[in-house]
Amino acid sequence: MTPAAPSSPPPPQIAEVTPALVVRDLRIGTQARELLHGIGFEVLAGERVGLIGESGSGKTLTALAVMGLLDDNLTASGHVHVAGERNLLARSDLQLVRLRGARMSMVFQEPMTALDPLRRVGAQVAEVIRLHSAGGRAAARLRAVELLTEVGLPEPALTARAYPHQLSGGQRQRVLIAMALANDPALLIADEPTTALDVTVQARILELLAKVVAKRGAGLLFITHDLALVSQVCERVVVLKDGVVVEQGAVAEVFADPQHEYTRTLLAASSLSPRLSPLISATPYSAQNADHPPPIIRLTDVTRRYPRPGGRFVDALKGISLEIAPGERFGLVGESGSGKTTTLRLLAGLDMPTSGTVEVAGVTLAHTPVVELVETTTETRPGQRFVASAAELARVRANLQLVFQDPMGSLNPRMRVGNIVGEPLLNPANRADIPEATTRRERRALVRDILTAVGLPNDAARRYPHQFSGGQRQRISIARALVCRPKVLVADEPVSALDVSVRAQVLELLARLADEREFTLVLVSHDLAVVRHLCDHIAVMRAGEIVEHGPTEQVWASPKHEYTMALKAATPTMSKRRH
Amino acid sequence: MSQIIQQPGAKAAEGRTASVVQPPSARLPEAAAVGPKRYKPGIHPQLVIGVVLVTLIVAAAVVSMFWTPYDPLRAGVGEPLAGPSTTHWFGIDRFGRDVFSRIMAGAQLTLYVGVIAVSIAAVIGVPIGIIAGMRRGVPGALLMRGSDVLLAFPGLLLAIIFGAAFGAGTTTAMIALGIGAIPAFARVARSGTLQVMRSDYVLAARAANRSSWAIAWRHVLPNIAGLIVVQCSVNFGLAVLSEAALSFLGLGTTPPAPSWGRMLQESQQFLGSHDHLALAPGIAIAIAVLGFNLLGDGLRDVLDPRLKGVR
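Just so it is clear, the structure is predicted and the values come from calculations on it, not from any experiment.

**Some points on the sheet that holds strand β2 (residues 34-43) of chain A**
Whether parallel or antiparallel, the strands of a sheet pair through hydrogen bonds between backbone atoms. All names here are of chain A. An order of β2-β1-β4 is seen for the three strands of this open sheet, with the pairing classed as antiparallel. The strands lining the two open edges of the sheet, one partner per strand, are β2 and β4 (75-82). Between one strand axis and the next, the sheet turns by 5° as a mean value, whatever way the strands run. Across the sheet, helix α1 (residues 59-67) is in contact with β1 (21-29), β2 and β4; its angle to β1 comes to roughly 115°.

Structure, rendered in structure tokens:
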């Protein structure tokens, strides 16, 4: 389970062998400006090198340049040598085609879109083999199954006949790795290969990558924004910032003694230490305590069943019960499909439980089944829906607000930020407790205040969402959620789409606001480290059930359920690899 | 690719990491740091051409209300079937009427038909589409099946039926064309609405307990506006063509009112001998249709704040 790579150092004679990749003075630019300012590094054969940087630092551009896949409106100059070949940048596309896949190959970030949805995965692997070897169709097919075996897919012969959508995310990524390895390339580039995967799956994929590369003596260029991953997978690290290599060296040295300030900042941002709320640590919550305030959120035996075509059902929630005290910072951890998003939708009154009760801020949303027609994309059929009165929902929603994962998709691109943030105030029910929000001018002042509180510039209200970076957009989301002073803030993976350094800032902001404004924070995340950093209580969800819950430090220090242990072991941390 | 490129500028704005070696890009002014834009701010060639062509038509229509070189209805202003000359730019038709004057006056009718037909279709079709997209289930299904029934009738057939029932005429024609275009608008609006309704910002608005009306007005409509503008421009072109076709068939504008379509029909028997009679209304129709299509495409891009240059 531990993804730690084989830790044997590369044999000393490796330096005499041709390096897998040499990049010298690589410059990439558009006509308007230069994006990559003459970077240089090497990947020796059998060496695992991490290329680290935030979005926009140029790490993906570097990978595309090595693969010869740069966009047409970009120009590249400098030297790129793969396995002793002549400079790749000086070659025509036709010459590159013969090298691509044979000498260097790439594993992409999103395994669903990188595979052709209409072809069997075995055929896709075989195609790569046949492109570069003279062997026949049957031989390629056999080899494809061999490769699928090597990347650890169960029942490889059967899997080869599956379509991409029939495989899980981790399995698809294994297929992509098989394709990349098909022709024994000297260099394997992995561009954020695990960002789209669950934590426990990520650990296994990283293990696999390290294993296959070591077995073949190929060089691995591992691109990521996550230092913890680099520390686990790689031997050397190249730190890229704004198109410049600011630092490179052995992982142990760079991480132990970073020379450049940016590396130090990144390192500081990467290690999320637990940060306890002063409110809670002062008065520990216990259910037995009679004079304690009643919980602000209470779920009692809640189930949610989604009908599927053909009369089948999917149980997203299998009867969960939960209590969250006012002022608590509650973390809900789980992987995709665990039911954490369903829970969140139930809390916000955006979805209705099939059975059980949801109680938020004193409003009980009782279950009243009503049969009605529900139209899906394929059919119209009777379904069950829970109905709460409009007034009840209004009270829940005035007291509970949401922050979403995707910083771009959660803001209306056609509205100015001031209008986006001020929108909840337009609803009279939401501003019932805020006397100073009746006139337009007062509301505008409230928007200005909250934008300042989340650390956005003064002119932010007049601008459009696309003019802000991911972290700033997440601040806008937080401002919108807090503008009508809710008692509960539910944040759904608020930092998983953000860069490491920005991630820490947004978490810090959430914690500070929770203290200042005394709201209850419910943080939903797949990342145990993020939850541990911010929350004082944790519930771990798996397959629609809460498998463990309690105070953060107790769950973290001595997990009782085996799934929590697996999750903790798989969570990448900087401290795990010490040589 | 453009996404990757745009990030550095955005990141420079976040700029909360400790100060580091300044790469050359950081010293550029902020506007330049946003990265290359495929859509250059300012001149949009399609829009400019579209505006020029549409302005030409509108100007002809407006001027013809007050002045035309000759009375477009008066016969015998020149030798019948005479070709273009300095006194009669586009020549003379078989009744001795000035073709240039008739083209100018015909622009009025063309705009009138296009604007009214598209307005009818958009004003009825877009709300139907939005309602169907937001209220799935029975009401949405009923609305869409209803519009599917309408879609099964070709617009021209509908116009012919209307013409037979209520008498041929420009007004009948454009109402029929408008009604015939409702399903197209409803479909476009519905598919756009479905997409917008899946977005997180609608979820956020719902979580803020905004009414369906507010969500439709503030979130759905602005985000499908681009689709609708394009649909308007395409349908404007179609309406102009259909009016011409109906007039050509004798079901649209009644003589002697100047209509480009009717002029085209009247020129039919002189094709080969007096081509100018077909050429003038033909080119006029082409300019109108092309102009409105380009205008629609251009407007869609210009109205989208995401494609605008940063500040």
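**Some details on the environment of I434 of chain A**
Residue and element names in this part refer to chain A. Take I434: it is sitting in the loop between α14 (417-422) and α15 (440-453). Residue I434 is classed as partly exposed on the basis of its C-beta count, with 16 C-beta atoms lying within 10 Å. Not counting chain neighbours up to four residues away, the residues in contact with I434 comprise C484 and R485.

**Points about the confidence of the model for chain A**
Residues and elements named next belong to chain A. Per-residue confidence for chain A gives a mean pLDDT of 82, with 88% of residues at or over 70. Note that residues 1-15 has pLDDT below 50 and, in this model, 26 contacts with residues that lie over four places away or in other chains. Throughout residues 372-386 the model reports pLDDT below 50, and contacts reaching past four residues in sequence, or to other chains, amount to 30 contacts.

**Things to note about the pairing of β2 of chain A**
Residue and element names in this part refer to chain A. Where β1 lies against β2, seven bridges are found, and the strand directions are antiparallel. Following the sheet pairing, G29 is matched in β2 by E34. Counting the residues in the hairpin turn of β1 and β2 gives four residues.

**Description of the domain arrangement of chain A**
All names here are of chain A. Once the domains are mapped, chain A shows domain 1 (16-111 + 185-270) and domain 2 (278-411 + 485-576). Each side of the interface is counted separately: domain 1 has 19 residues, and domain 2 has 17 residues. Sorting the residues of the side of domain 1 that touches domain 2 by element identifies α7 (199-216), α8 (227-233) and α10 (261-270) as the ones contributing at least two each. When residues in the side of domain 1 that touches domain 2 are grouped by element, the largest group, five residues, is from α8.

**Here we look at helix α7 (residues 200-207) of chain B**
Most of α7 of chain B is tucked away, with seven of its eight residues classed as buried. Those residues of α7 of chain B not exposed but buried are D200, Y201, V202, A204, A205, R206 and A207 of chain B. Here the buried face of α7 of chain B lies against α13 (390-399), β17 (400-403) and α16 (470-482) of chain A together with α6 (170-197) and α8 (212-249) of chain B. Where α7 of chain B terminates, the next one or two residues include N209 of chain B, which has phi positive at roughly 60°.

**Some points on unusual backbone geometry**
The phi angle of most residues is negative, glycine excepted, and most peptide bonds adopt the trans form. Residue and element names in this part refer to chain A. With a phi close to 45°, D184 is a non-glycine residue in the positive phi region. With 12 C-beta atoms packed within 10 Å, D184 lands in the exposed category. Despite not being glycine, A361 shows a phi value in the positive range, around 50°. Residue classification places A361 among the partly exposed positions, given that 17 C-beta atoms sit within 10 Å.

**Some thoughts on the packing of helix α3 (residues 99-134) of chain B against α6 of chain B**
All names here are of chain B. Contact pair α3 / α6: the axes reach a minimum separation of 5 Å and the direction vectors enclose 35°. Our pair here, α3 against α6, has a crossing hand that is right-handed. Taken together, the residues of the contact of α3 with α6 break down into 28 nonpolar, six polar and two charged.

**Describing the sheet that holds strand β11 (residues 312-324) of chain A**
All names here are of chain A. Strand order across the open sheet formed by four strands is β11-β10-β13-β14, with antiparallel pairing between neighbours. The two strands at the open ends of the sheet, each matched to only one other strand, are β11 and β14 (363-365). Taking the axes of each pair of neighbouring strands and ignoring which way they run, one obtains an average angle of 25° across the sheet. Examined bridge by bridge, strand β10 (residues 297-308) and strand β13 (residues 355-360) share five bridges and lie antiparallel to one another. Its bridge partner being in β13, T300 is matched across the sheet by T357. Taken strand by strand, α13 contacts β13 and β14, and its axis lies near 120° from that of β14.

Rules of the game
- Residues numbered from 1 in each chain as written.
- Chains lettered and ligands numbered in written order.
- Predicted model: local features only at pLDDT ≥ 70, side-chain atom pairs only at ≥ 80, totals over all residues.
- Pairing = 2+ DSSP bridges.
- Helix = DSSP H or I, 4+ residues; strand = E, 2+ residues; numbered from the N terminus.
- Axes fitted to C-alpha atoms, helices over the stretch in contact; angles between N-to-C directions.
- Contact = placed C-beta atoms within 7 Å.
- Buried ≥ 20, exposed ≤ 12 C-beta atoms within 10 Å, placed from the backbone.
- pLDDT = per-residue confidence, 0-100.
- Domains from an automatic or database assignment.
- Left-handed = near helix turned anticlockwise from the far one by under 90°.
- Nonpolar A, V, L, I, M, F, W, Y, C, P; charged D, E, K, R; others polar.

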